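Here is how the chains run, residue by residue.
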There are 2 protein chains.
Amino acid sequence: MNPLAEKLNEQISVSNPHVLEMLSDYGKRIFFPSAGILAQSAEAKAEAHLYNATIGIATEGGKAMGLESITEQVNDLENAEYLPYAPSPGLPALRTKWQELQLEKNPSMTGKDASSPVVTNALTHGISLTGSLFMNPGETLVLSDHFWGNYNLFFNATLGVNMEFFTLFNEDGTFNSSSYKETLLKAAEGKDQITTILNFPNNPTGYSVLKQDVDGILDAVKAVADTGTNVVVICDDAYFGLFFEEDVLKESLFAYFADLHERVLAVKVDGATKEDYVWGLRCGFITYAAKGLANEGLKALEQKTGGAIRATVSNISHLSQRIVLKAFSNGDYASQKQEKFDIMKGRYEKVKEVLADSRFAEYFSPYPYNSGYFMTMKLEHGLDANEYRQYLLKNKGIGTISIGASNIRVAFSCTEESHLADLFDKMYEAASEMVAAK
Amino acid sequence: MNPLAEKLNEQISVSNPHVLEMLSDYGKRIFFPSAGILAQSAEAKAEAHLYNATIGIATEGGKAMGLESITEQVNDLENAEYLPYAPSPGLPALRTKWQELQLEKNPSMTGKDASSPVVTNALTHGISLTGSLFMNPGETLVLSDHFWGNYNLFFNATLGVNMEFFTLFNEDGTFNSSSYKETLLKAAEGKDQITTILNFPNNPTGYSVLKQDVDGILDAVKAVADTGTNVVVICDDAYFGLFFEEDVLKESLFAYFADLHERVLAVKVDGATKEDYVWGLRCGFITYAAKGLANEGLKALEQKTGGAIRATVSNISHLSQRIVLKAFSNGDYASQKQEKFDIMKGRYEKVKEVLADSRFAEYFSPYPYNSGYFMTMKLEHGLDANEYRQYLLKNKGIGTISIGASNIRVAFSCTEESHLADLFDKMYEAASEMVAAK
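Note that the coordinates shown come from a computational prediction; the quantities given were computed from them, not determined experimentally.

1. Digging into the pairing of strand E12 (residues 374–379) of chain B
Looking along a regular strand, one sees side chains alternate from face to face of the sheet.
Residues and elements named next belong to chain B.
Moving on, step 1. Within E12, 5 of the 6 residues are buried, which leaves the element mostly enclosed by the surrounding structure.
Moving on, step 2. Sheet topology places strand E11 (residues 364–366) next to E12; 3 bridges connect them, and they run antiparallel. Bridge pairing links Pro 366 to Met 377 in E12.
Moving on, step 3. Inspection of the sheet shows E12 paired to strand E15 (residues 407–411) by 5 bridges, in the antiparallel sense. Bridged to Met 377 within E15 is Ile 408.

2. A look at helix H14 (residues 318–328) of chain B
Moving on, step 1. Taken across its 11 residues, H14 of chain B has 10 buried, putting it largely inside the fold.
Moving on, step 2. All buried positions along H14 of chain B are accounted for by His 318, Leu 319, Ser 320, Gln 321, Arg 322, Ile 323, Val 324, Leu 325, Ala 327 and Phe 328 of chain B.
Moving on, step 3. On its buried face, H14 of chain B is in contact with helix H5 (68–71) and helix H14 (318–328) of chain A together with helix H6 (92–105), strand E4 (118–120), helix H12 (272–275) and helix H15 (333–355) of chain B.
Moving on, step 4. Sitting at the head of H14 of chain B, Ser 317 of chain B places a side-chain oxygen 3.4 Å from the backbone nitrogen of Leu 319 of chain B.

3. Here we look at the interface of chain B and chain A
Moving on, step 1. Chain B puts 113 residues into the contact, and the matching count from chain A is 113 residues.
Moving on, step 2. Ranking the residues of chain B by area buried against chain A places Tyr 51, Gln 73 and Trp 279 of chain B at the top, with a combined share of 9%.
Moving on, step 3. Seen at the junction of chain B and chain A, the total is 6 salt bridges.
Moving on, step 4. Close ionic contact of Glu 47 of chain B with Lys 394 of chain A constitutes a salt bridge, the shortest N to O distance being 2.9 Å.
Moving on, step 5. Across the contact surface, chain B and chain A share 77 residue pairs in polar contact (both at pLDDT 80 or more).
Moving on, step 6. In terms of residues, the side of chain B that touches chain A owes the most to one element, H14 of chain B, which gives 8 residues.
Moving on, step 7. Tallied by class, residues from the side of chain B that touches chain A come to 51 nonpolar, 40 polar and 22 charged.

4. A few points about the sheet that holds strand E14 (residues 401–403) of chain B
Residues and elements named next belong to chain B.
Moving on, step 1. Reading across the sheet, the 4 strands line up as E11-E12-E15-E14 and stay open at both edges, with antiparallel pairing between neighbours. Looking along the sheet, the strands with just one partner apiece sit at the ends: E11 and E14. Adjacent strand axes in the sheet meet at a mean angle of 35°, parallel and antiparallel pairs treated alike.

5. Focus: the relation of the copies chain B and chain A
Moving on, step 1. Aligned on chain A, chain B shows an RMSD of 0.0 Å; the corresponding rotation is 180° and the shift along the axis is 0.0 Å. These values place the two chain copies in the arrangement generated by a two-fold rotation axis. It is Val 74 of chain B whose C-alpha, among those of chain B, lies nearest the rotation axis, at 2.5 Å.
Moving on, step 2. Looking at the interface residues of chain B, 100% of them are also at the interface in chain A, so both copies use one shared face.

Thresholds applied
- Residues numbered from 1 in each chain as written.
- Chains lettered and ligands numbered in written order.
- Predicted model: local features only at pLDDT ≥ 70, side-chain atom pairs only at ≥ 80, totals over all residues.
- Heavy atoms only, no water.
- Buried < 20%, exposed > 50% of the residue type's maximum accessible area, 1.4 Å probe, protein only.
- Helix = DSSP H or I, 4+ residues; strand = E, 2+ residues; numbered from the N terminus.
- Pairing = 2+ DSSP bridges.
- Contact = heavy atoms within 4.5 Å.
- Polar contact = N/O pair within 3.5 Å; in protein donor to acceptor, adjacent residues only side chain to side chain.
- Buried area = accessible area lost by both parts, 1.4 Å probe.
- Salt bridge = Lys/Arg side-chain N within 4 Å of Asp/Glu carboxyl O.
- Nonpolar A, V, L, I, M, F, W, Y, C, P; charged D, E, K, R; others polar.
- Axes fitted to C-alpha atoms, helices over the stretch in contact; angles between N-to-C directions.
- Least-squares fit on C-alpha atoms with pLDDT ≥ 70 in both.

Put into structure tokens, the structure is as follows:
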């Protein structure tokens, strides 16, 4: 093992040896190449007052060389602000700013030790980095039976991990903490470690946990940790902030896992993608916390994550990071974001209003929803979801997503409020036509 | 194994079964999720003429929702052109355009079957994707003894692959094809498969192979393939195009490997990063070719690569792709690029002119160089490269990169032509001071 990796591993184990255990073989092996070209370049940047001939980019007049056909497309940014490489763990100013925003959005994080956020190529990258760093093939991931399909492609097809599902909803339509606890405990039997991913607001259902759900969730994870099994908890906070009901928890569960137990590592995967309406820019973050894990250990996890980024993609779009950072500093940012939130909330409320009409219950049983971009309904009368989706598309010109045998996801994020009543009317028509034709 | 993966594997093996053998376990397993949400969204995009409620982004008035604090930073692009997600394998128009440019730059590719380029988060990502898709841990990579340090972090620390080095230069200062052949054959003994990476213009030496070197290189690889061992050849063309001498090969070796042998898969890793001076935008490509591998097989490799991208980073910055694509279509692009080439070539020629003074030979033995961003010199008098680098930095304010025990890399890409004489004078002074103080 590289001595730099050994040093990082020591930095982790000195304050929390369980977190070192939680790293995958790869996670234990990876390091940030702080003794190589990057370190020499950093030294030169600070001290080469005459000529700096270390840089792997081209410069002209002391500034990054740029083609005008490129630079004319960007407003109010100097070449130096986006043409050179960003550091592998991300722009320091953006990392600091995002940490401030995390604390504003999650007051319960205050006073708890957490790493500085490391910049990723958005949420999927945060998830895949976490999986690679903490899970060996053959290990188990516990997740909700309502989940984003890409978890399959990464955790199962790519990483070779087993997926065990808990039932998201209990009969009251809230978080099923007994199913969660049972599934976790069963998966943990005889294992040194398990991983669980919690995605709220949930894709596809649009459910976010309620304030009353929190204790049950923490209790389930703590019960596993108490048996001596390590638990990596990934909080996939992609749709964070789009909470539309009073009783919904308005903070990330990360804030609660951050100091739950020495055997629990909390990983927050979040980003500007959905929250700030910049899907194509690719700007996300990974943040770590575990009870007892001191600053040196948190820094070591940042370094390992930066090393994994350096090894596989080198760094993340500097331009995207710069644009997002600049928006965060814009005096109108908050009000612009509020304006979009109000639009999304208006659509959400319209969906609720439309579906309050009891005739819809004949064909559609919506899963609980209170947040995010989507809502998902179970089809009644044994309607096949994919056949229904295709019927709806061919005969009504309406696009929806079918999931499994009987679920249909509707994105109100991309449907105008004024169209929602008609959308559900036509969906009702389609369902009744299909049932009549049976 | 997922049926979609099986289908892609069949598409490959029907025209060239060796390429299927060359895929790693992961490469065999991965697929593009063409039956899931992405496929349903594509159908809806084409047919949902009334409402499209499939989309995982937010829209307003039929267009991507965007905060003005974001969109005001971008010139002359509609929100729809960069805010939504780009497809996982990249923007179709950019892939087509890059393929046209590849053919223009590499006329020898004409008439040879190659895949459409798949967009990556730049060169490192192209290399790491190729490594993951084609190499299992414990396999062997053959590479030059002068190599980019990040190969270590990916191939060795991340992928767990063995690295075997050939001697880049022979006594004439040209490509050492006997060392290459010998190293390849030895590494291939008793193996089903080996991988080799060729990086020209080379980082760190600035050497590109000469036209006369090509036959020896092809012969070495063909000799291995003839023994029945499969060979994956990765052409790392990061610095492509910056060729400063008449006798240098002006095309990628990919053009020659593309139809060399049924047991040779050629992988071209290239991108706009260095060629087009957009380091921080992260825009690169992977292109495949193998003798006998028909279009259906090439498409399957594109799909697998797109699947690997989807699983781990979802997609690459849409904004970066769009900016680069737009620059390629700008009428002034070619002349702007020529202007920068002339600056780089002017610096290269100045370095040659300065070092023609025989006094430098006392301390510096430059490795052959004729291209790219850099040149590298071996220090004489047993000077330690890292000590020399530090002395130069502290006492002369000059930043350079030390590599191994005795090599110093100088980037003329970031040093003005008018500073080069003084730079080497001061480097000479520093060396003589250190030797005098011994």
